[in-house]
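A closer look at the structure
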Amino acid sequence: MRTTHIALAVLVTAVWGVNFVVIEVGLGHFPPLLFSALRFLAAALPAVFFVGRPKVAWKWVIGVGLVLGVAKFGLLFVGMDQGMPAGLSSLVLQIQAVFTALFAAVALGERPGGVRLLGMAVALAGIAVAAVDEGTSGPLLAFALVIAAAACWGVSNVLTRKASPPDALNFMVWVSAVPVLPLLGLSLLFEGPDADLAALRALDGTGIGVILYVAWVTTVFGFGAWGFLLRRYPASSVAPFSLLVPVFGMSSAALLLGESVSPLRWCAAALLVGGVALTSLSRTRGPATPLPATHLPAEPAPAEPVSDEAAAAEPTPAASASASAEAASAVATVTATSPSAPATNGPAGPLAPGCSPTRT
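Here's a quick rundown of the structure. No experiment lies behind these values; they were computed from the predicted model shown. (Residues numbered from 1 in each chain as written. Predicted model: local features only at pLDDT ≥ 70, side-chain atom pairs only at ≥ 80, totals over all residues. Heavy atoms only, no water.)

1. Notes on the nonpolar core
Residues Phe-35, Leu-76, Val-92, Leu-93, Ile-95 and Phe-143 are the most contacted members of the largest nonpolar core, which totals 87 residues. Per-element tally for this core: the top contributor is helix H11 (residues 205–232), with 10 residues. The residues contacting Ile-95, other than those within four sequence positions of it, are Ala-123, Leu-124, Ile-127, Ile-147, Ala-150 and Leu-272. (Core = buried A, V, L, I, M, F, W, Y, C linked by side-chain atoms within 4.5 Å. Buried < 20%, exposed > 50% of the residue type's maximum accessible area, 1.4 Å probe, protein only. Helix = DSSP H or I, 4+ residues; strand = E, 2+ residues; numbered from the N terminus. Contact = heavy atoms within 4.5 Å.)

Right, dumping it as structure tokens:
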């Protein structure tokens, strides 16, 4: 990869990592479900009027929109609002790689090899260590909600692989339009119209800036830049940079929110990041039964090796479609990252400006 493109990949992961801190600040201004709805509304509008019609069947747009937007981000934002620290959320959410591999084995027939199975075991050990650490210092329910969010992210990744969108940006913009009304409905039902109206009436510059960051910077810029890189280089060259998201997430939460990082949490981080690396970067053996071309795993065939320069100069149509599908899956982060996509919880230290002191 060129030096400028390496710098771009690092910048995107930094944007996604810091996004967890930004979401923590936003949760002090909005109820979590309303905040998530506003995020997707800002990401979808006015972009849907410029990207053209969806290039995949509506069932995939709606399916990914509900699983990723409503379930994953709803659970993540609520979990963060209930006390899951921002830095820990950025770390724990990476277990989605293990869920993705497990669901892909069932739905796509991908058989994980020995290295990938080892990676899953190491990552799960990291989650166990993180759970022990959180159990002594924070609410386990919030921890469980973020784990559930990671599982939903894994489901959405498999759905995206099945959809194989040829234009990942177009796909994600339309996916962002799906969760808006369901999230607004859930917010009115569980958070109440009074809380929603109060948050909207109190909207200030900080609240607007938070929404614009999580919607445009992490989604539009972050996703667009990541897709740009995936169209020019093999996924195996780009994907490892995503392991920097929890590094930026935990460090920015410590610096900006005063979150402490215990030795046990550092141990969990090492296990989880190492396990995710093994899970994400190892090859699968492929489905037992051949799948249709559009449903094949978005992974380069083990043919002749292609240099980064050659891949950057002349990507094939198949590689471009594969990269688009992988980019759409990774973004869930998107918001991070979300993205790593996306959300976090109350800090262990002093609250960020504007954060509600009632959250525990």
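From this point, the narrative continues.
2. Let's talk about the pattern of salt bridges
Throughout the structure, instances matching the rule amount to one salt bridge. The partner of Arg-161 in a salt bridge is Glu-110, with the nearest N and O atoms 2.5 Å apart. Here the residue Arg-161 occupies a position in helix H7 (residues 140–163), and Glu-110 occupies one in the loop between helix H5 (96–107) and helix H6 (114–137), the gap between them amounting to 51 residues. With a relative accessible area of 15%, Arg-161 lands in the buried category. (Salt bridge = Lys/Arg side-chain N within 4 Å of Asp/Glu carboxyl O.)

3. Some words on H11
One full turn of an α-helix is made of 3.6 residues, so residues set three or four places apart face in the same direction. In a regular helix each residue adds 1.5 Å, so 28 residues correspond to 40 Å; H11 covers 38 Å between its end C-alpha atoms and thus fits that length. Along its length, H11 reaches its greatest deviation from straightness, about 35 degrees, at Tyr-213. Among the residues of H11, the N-terminal cap falls to Asp-204, whose side-chain oxygen and the backbone nitrogen of Thr-206 are separated by 3.3 Å. (Expected span 1.5 Å × (residues − 1). Bend = angle between axes of the 7 residues up to and from the residue. Polar contact = N/O pair within 3.5 Å; in protein donor to acceptor, adjacent residues only side chain to side chain.)

4. Focus: the packing of aromatic side chains
The relative placement of two aromatic rings is captured by the distance of their centres and the angle of their planes. One pass over the structure, following the stated rule, counts seven aromatic pairs. With a centroid separation of 5.3 Å and 50 degrees between ring planes, the pair formed by Trp-16 and Trp-226 is classed as tilted. Residue Trp-16 is located in helix H1 (residues 3–26), and its partner Trp-226 is located in helix H11; the two are separated by 210 residues in the primary sequence. For Trp-16, a relative accessible area of 2% puts it in the buried group. Judged by relative accessible area, which is 3%, Trp-226 ranks as buried. Here Phe-40 and Phe-73 contribute two aromatic rings whose centre-to-centre distance is 5.4 Å and whose plane-to-plane angle is 75 degrees, an arrangement assigned as edge-to-face. Taken as a pair, Phe-40 in helix H2 (residues 32–44) and Phe-73 in helix H3 (residues 58–81) lie far apart in primary sequence, 33 residues in all. On the accessibility criterion, Phe-73 (1% relative accessible area) is buried. (Phe/Tyr/Trp six-rings, centres within 6.5 Å; stacked < 30°, edge-to-face > 60°.)

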